[in-house]
Amino acid sequence: MALDIQWALRWLALTAEAMKEHREELIELDRPIGDSDHGENMDRGFQAVIVKIAEAPPETPGAALKLTAMTLMSKVGGAAGPLYGTAFLRAATALGDAAEVDAATLATALQAARDGIVARGKAEPGDKTMVDAWTPAIEAAAAAAGNGDVRKMLLAAADAAEAGAVSTDPMQARKGRASYLGERSIGHRDPGAVSTALILRAAAGAAE
């Protein structure tokens, strides 16, 4: 089974719903270790994506992700806008102009997204950032892509991202605003890792 533009549009719609639903949770996670604005920024950004899609509907999954990237870069403040914008742009480039996306191609696109975040933010696994959700997600996707079932691959990626987000709880932040807190950052979940898990869970839900 391959995924088409309807999947991509459903993914973005479900992501927008998730960011609205979890807006307060993300704000509360960001309060002790950040600027308290992650939930607000992500909600605003993805609502803007939905508006842009309605104005000029993209015709391929890659085009949908490119539009998402440009919108997030212009509408989302803080670190999240450039990081997620880069992620979606790299993923869009990996997908190209193809009308349909198979498991192997999508796994490659997810890796490109993670690599874009690393290049932009210079974070590594263990730094207590969204990379701690993205890295296990792409590893799980790569492992699952071989059987060709894109839905199972996305579920594996989402599960791994959620576990990765939880794994940030005991970490001491080494990047971003949270790193200024030193040991006081321990015991708090990274909001970017949580929003990453929400995005990947929406991708899996859209493929159901």
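Check the entry above for the structure.
Cut-offs applied
Residues numbered from 1 in each chain as written. Predicted model: local features only at pLDDT ≥ 70, side-chain atom pairs only at ≥ 80, totals over all residues. Heavy atoms only, no water. Helix = DSSP H or I, 4+ residues; strand = E, 2+ residues; numbered from the N terminus. Rg over C-alpha atoms; globule rule 2.2 N^0.38 Å. Buried < 20%, exposed > 50% of the residue type's maximum accessible area, 1.4 Å probe, protein only. Lys, Arg positive; Asp, Glu negative; His and termini not counted. Charge placed at Lys NZ, Arg CZ, Asp CG, Glu CD. Expected span 1.5 Å × (residues − 1). Contact = heavy atoms within 4.5 Å. Phe/Tyr/Trp six-rings, centres within 6.5 Å; stacked < 30°, edge-to-face > 60°. Core = buried A, V, L, I, M, F, W, Y, C linked by side-chain atoms within 4.5 Å. Salt bridge = Lys/Arg side-chain N within 4 Å of Asp/Glu carboxyl O.

Regarding its fold elements, the protein presents nine helices and zero strands. Walking the protein from its N terminus toward its C terminus, one meets helices and strands in the order α-α-α-α-α-α-α-α-α. Taking 208 residues into account, the globule formula puts the C-alpha radius of gyration at 17 Å, and the protein, at 16 Å, falls close to it. Once the C-alpha set of the protein is aligned to its principal axes, its extents read approximately 45 × 35 × 30 Å. With 208 residues in all, the protein has 52% of them scored as buried. Positive and negative charge centroids in the protein, built from 21 and 28 side chains respectively, lie 5 Å apart.

Here D115 lies in helix α6 (residues 103-121). On the accessibility criterion, D115 (29% relative accessible area) is partly exposed. The sequence separation of D115 and T86 amounts to 29 residues, and the corresponding C-alpha distance is 9.3 Å.

Before going further, it helps to spend a moment on helix α4 (residues 61-75). Under the 1.5 Å per step criterion, the end-to-end length of α4 is 21 Å for 15 residues, consistent within 8% with the ideal 21 Å. Turning to α4, its buried residues are P61, G62, A64, L65, L67, T68, A69, T71 and L72. Among the structural elements, α1 (5-21), α3 (38-55) and α5 (80-95) are those in contact with the buried residues of α4.

Our focus in this paragraph is unusual backbone geometry. Unusually for a residue other than glycine, S36 sits at a positive phi of about 65 degrees. In this fold, S36 is placed in the loop between α2 (23-30) and α3. Even without being glycine, K128 reaches a positive phi, approximately 70 degrees. Mapped onto the elements, K128 comes out in the loop between α6 and α7 (131-145).

Here the focus is the packing of aromatic side chains. In total, this model carries three aromatic pairs according to the counting rule given. For the pair W11 and F88, a centre-to-centre distance of 5.8 Å together with 40 degrees between the ring planes defines the contact as tilted. In this pair, W11 is assigned in helix α1 and F88 in helix α5, connecting sequence segments 77 residues apart. The residues W11 and F88 share a single accessibility class, namely buried. Where F46 meets F88, the ring centres are 6.1 Å apart and the plane angle is 65 degrees; that geometry is what we call edge-to-face. Of this pair, F46 sits in helix α3 while F88 is found in helix α5, placing the two residues 42 residues apart along the sequence. Relative accessible area serves as the criterion here: at 5%, F88 is assigned to the buried category. What links up through ring pairs into an aromatic cluster is the set W7, W11, F46 and F88.

A general tendency of soluble globular proteins is for nonpolar side chains to be buried together. Ranked by size, the top nonpolar core spans 66 residues in total, and within it W7, F46, M153 and L154 carry the most contacts. The leading source of residues in this core is helix α9 (residues 191-207), at 11 residues. Not counting residues up to four positions away in its chain, the partners in contact with F46 are L12, T15, A16, M19, T68, L72, F88 and I199.

Taken as a whole and assessed by the stated rule, the structure comprises 10 salt bridges. One salt bridge in this structure joins E28 and R31, with 2.7 Å as the shortest N-O distance. E28 gets classed as partly exposed once you look at its relative accessible area, which sits at 43%. With a closest N to O distance of 2.8 Å, D169 and R189 form a salt bridge. Separated by 20 residues along the polypeptide, D169 in the loop between α8 (150-167) and α9 and R189 in the loop between α8 and α9 bring together distant segments of the chain. Each of R23, E24, E40 and D43 takes part in a single network of salt bridges with overlapping partners.

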